[in-house]
Every structure is written in C-alpha cells, then in structure tokens.
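One letter stands for each residue in the lines below.
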Amino acid sequence: RFSAVTKASSNICTAQALLANMAAMYAVYHGAEGLRSIAEKVHFSTCIVAEGARRAGHHIEDGAFFDTLKIKIRSEQAFQDALVNAEIRQINIRIYNDEPNTIGISL
C-alpha cells in the first residue's frame, strides 16, 4: 500500500516538474521582449472582448483583468444565446452556477 501512495506522489511531482521545465524553456525561447509582446497581445485581445461585451450591454465584473473576464450577461435570453453560440464555435467558457447569467472567458 505504501508503494502505491509513493508512486502516485512521484507521478504528481514529475508532472509538476515537467510543467515547470516547459514554462522555463518557453521563457528562455521567447526572451524578455518576446514574453512582454505576448502578454501585451493577450491583454489587448482581452480588452477588445471586454469592450465588445460592454457595448452589447453586459457588465464586466472585477474591474482589473489581464487575460480573464467575468461577465454578467444582461438577460437570461442573452445568457442562453451566449451558451449556444459558444458551443457552436467550440469556445470554452466558465458558467458561474452560484451567480445567475454570469460567465467567465479566458483568452
């Protein structure tokens, strides 16, 4: 029994180490300016989505953001339409079950 627990921990540690190494190599490959450029593009894209949501009458929750938006959809019908459109376009969204008509989007 002990060896099964040890092996499970070892696999988790290996997976975490692999992710850390991948992140480090990504940073080395792109360099400081490359990472800054990627971050700026991601944030700019998020700003465009946020502005589009505002113009459509939705409310952006949590004032400051980088790559993730929490959006309170203006009505139940608009919420249902957003879910259908996201599924058709294969866009992953988070549904906040404890907050009616609220979704999360990460770019």
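First, a word on scope: everything that follows refers to the structure included in this document. The residue numbering used here restarts from 1 in each chain and proceeds along that chain's sequence as written. Predicted model: local features are reported for residues with pLDDT of at least 70 only, side-chain atom pairs are reported and counted for 80 or more only, and whole-chain, interface and lining totals are derived from all residues. Note that water and hydrogens are dropped before the side-chain values are worked out from all heavy atoms of the structure.

**Considering the pairing of strand S4 (residues 102–106)**
Along any regular strand, the residues point their side chains to alternate faces of the sheet. Rules: Whether a residue is buried, partly exposed or exposed follows from its accessible area with a 1.4 Å probe, protein chains only, as a fraction of its type maximum: under 20%, in between, or over 50%, in that order. Strands here are runs of E lasting at least two residues and helices are runs of H or I lasting at least four, both read from the DSSP assignment and numbered beginning at the N terminus. What makes two strands pair is DSSP finding at least two bridges between them.
Taken across its five residues, S4 has four buried, putting it largely inside the fold. Where strand S2 (residues 68–72) meets S4, five bridges bridge the pair, whose relative direction is antiparallel. Following the sheet pairing, isoleucine 71 is matched in S4 by isoleucine 103. Bridge count between strand S3 (residues 94–95) and S4: two bridges; the pairing is antiparallel. The partner of arginine 94 across the bridge, within S4, is glycine 104. In sequence, S3 turns back onto S4 through a hairpin of six residues, with asparagine 101 there showing a positive phi of about 60°.

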